[in-house]
Amino acid sequence: GQNIDQPTEMTATEGAIVQINCTYQTSGFNGLFWYQQHAGEAPTFLSYNVLDGLEEKGRFSSFLSRSKGYSYLLLKELQMKDSASYLCAGGVNQAGTALIFGKGTTLSVSS
Amino acid sequence: ETGVTQTPRHLVMGMTNKKSLKCEQHLGHNAMYWYKQSAKKPLELMFVYSLEERVENNSVPSRFSPECPNSSHLFLHLHTLQPEDSALYLCASSPLDGSEKLFFGSGTQLSVL
């Protein structure tokens, strides 16, 4: 079956570092995505990992371990505008190729 | 501006009404999707169109009826909905280049009374 788990909520302070974990069990796995969604807005693409290892993009980094079915999103130098929901999603090989999403992690950044 | 436009942004309808949600993408993509987003639940895939053909229907009730007249437009026709259908309905498109990267619209917030 398809299952993606991530924490429901996290809190952090400005300037800190936060790591949002995601574990997955999907058949025909074809990569792991992270999306950011601010309240009332569209989810926007953050990162895509298909190979094991760390991908860095500015303040955001994403890590994948295929053997462990595990990924994390690392946010550095947190800013208030980083308060949002972070969605972990697995790509699966099926007709139409579509993503299976976790419930999302709501991150609240305080000053 | 994400390149994917959804209208209306908000919709309130009674259980006996018929309404349609519209999605338009300006990205030249070949696949379009409808997702449902309810509070405290994961995004649920409803329908997938690839090259204007429906390739996935995830056990969605028949009161939801999709239509894809061309690769740039996608509709979701709604008929005799239930209060539990109240949710954010998100449209997305992707280029079918193997990356499965989705580009989302801002969604239609639907309330069924």
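Data block above holds the structure.
None of these values were measured; they are calculated from a predicted model. (Residues numbered from 1 in each chain as written. Chains lettered and ligands numbered in written order. Predicted model: local features only at pLDDT ≥ 70, side-chain atom pairs only at ≥ 80, totals over all residues. Heavy atoms only, no water.)

K.L.:
Quick question: what am I supposed to make of the overall build of chain B here?
P.N.:
Looking only at helices and strands, chain B has zero helices and 11 strands in total. Counting helices and strands in the order they occur from the N terminus, chain B gives β-β-β-β-β-β-β-β-β-β-β. At 13 Å, chain B has a C-alpha radius of gyration in line with the 13 Å of a compact globule built from 113 residues. Projecting the C-alpha coordinates of chain B onto the three principal axes gives extents of approximately 40 × 25 × 25 Å. Pairs at least 24 apart in sequence give 53% of the contacts found in chain B among residues at least 6 apart. Computed over 10 positive and 11 negative side-chain charges, the separation of the two mean positions in chain B equals 10 Å. (Helix = DSSP H or I, 4+ residues; strand = E, 2+ residues; numbered from the N terminus. Rg over C-alpha atoms; globule rule 2.2 N^0.38 Å. Contact = heavy atoms within 4.5 Å. Lys, Arg positive; Asp, Glu negative; His and termini not counted. Charge placed at Lys NZ, Arg CZ, Asp CG, Glu CD.)

K.L.:
So what exactly am I meant to see when it comes to the interface of chain B and chain A here?
P.N.:
Interfaces are frequently sized by the accessible area removed from exposure as the parts join. Between chain B and chain A, the contact holds 24 residues from the first and 22 residues from the second. Taken together, the connections running from chain B to chain A amount to four residue pairs in polar contact (both at pLDDT 80 or more). (Polar contact = N/O pair within 3.5 Å; in protein donor to acceptor, adjacent residues only side chain to side chain.)

K.L.:
Even after reading the chapter, I still don't get the pattern of salt bridges, so can you show me in this structure?
P.N.:
Note that side chains of opposite charge can pair when their charged atoms are close. Under the definition given, this model contains three salt bridges over all chains. Taking the shortest distance from any N to any O, the salt bridge between E56(A) and K76(A) comes out at 3.8 Å. Taken together, the residues E56(A) in strand β6 (residues 53-57) and K76(A) in the loop between β8 (70-75) and β9 (84-92) connect sequence positions 20 residues apart. Look at E56(A) and you get exposed, because its relative accessible area is 55%. A relative accessible area of 29% places K76(A) in the partly exposed class. Between D85(B) and R63(B) there is a salt bridge; the shortest N-O distance is 2.7 Å. (Salt bridge = Lys/Arg side-chain N within 4 Å of Asp/Glu carboxyl O. Buried < 20%, exposed > 50% of the residue type's maximum accessible area, 1.4 Å probe, protein only.)

K.L.:
Where do I start with the state of the cysteines in this structure?
P.N.:
By definition, a disulfide links the sulfur atoms of two cysteines through a covalent bond. Taken as a whole, this structure holds two disulfides over all chains when the rule is applied. Through a disulfide, C22(A) is tied to C88(A); the S-S separation comes to 1.9 Å. Every disulfide takes its handedness from the sign of the S-S torsion; for C22(A) and C88(A) that torsion is -70 degrees, giving left-handed. Placement of the pair is C22(A) in strand β3 (residues 18-25) and C88(A) in strand β9, with a sequence separation of 66 residues. By relative accessible area, C22(A) is classed as buried at 0%. Each sulfur in the disulfide pair C23(B) and C91(B) lies 1.9 Å from the other. What sets the handedness of the C23(B) and C91(B) disulfide is the S-S torsion sign, and at about -75 degrees it is left-handed. Placement of C23(B) in strand β3 (residues 18-25) and of C91(B) in strand β9 (residues 87-94) is noted, with a sequence separation of 68 residues between them. The exposure class assigned to C23(B) is buried, which follows from its relative accessible area of 0%. You can see C68(B) has no disulfide; the closest cysteine sulfur is in C91(B), sitting 9.1 Å from it. (Disulfide = S-S within 2.5 Å.)

K.L.:
Even after reading the chapter, I still don't get the pairing of strand β7 (residues 64-70) of chain B, so can you show me in this structure?
P.N.:
Look at any regular strand and the pattern is simple: side chains alternate between the two faces of the sheet. Residues and elements named next belong to chain B. Pairing of β7 with strand β8 (residues 73-79), which is carried by five bridges, proceeds in the antiparallel orientation. Residue P66 lies in a different strand from β8, and its bridge partner there is L76. Joining the antiparallel neighbours β7 and β8 is a turn of two residues. (Pairing = 2+ DSSP bridges.)

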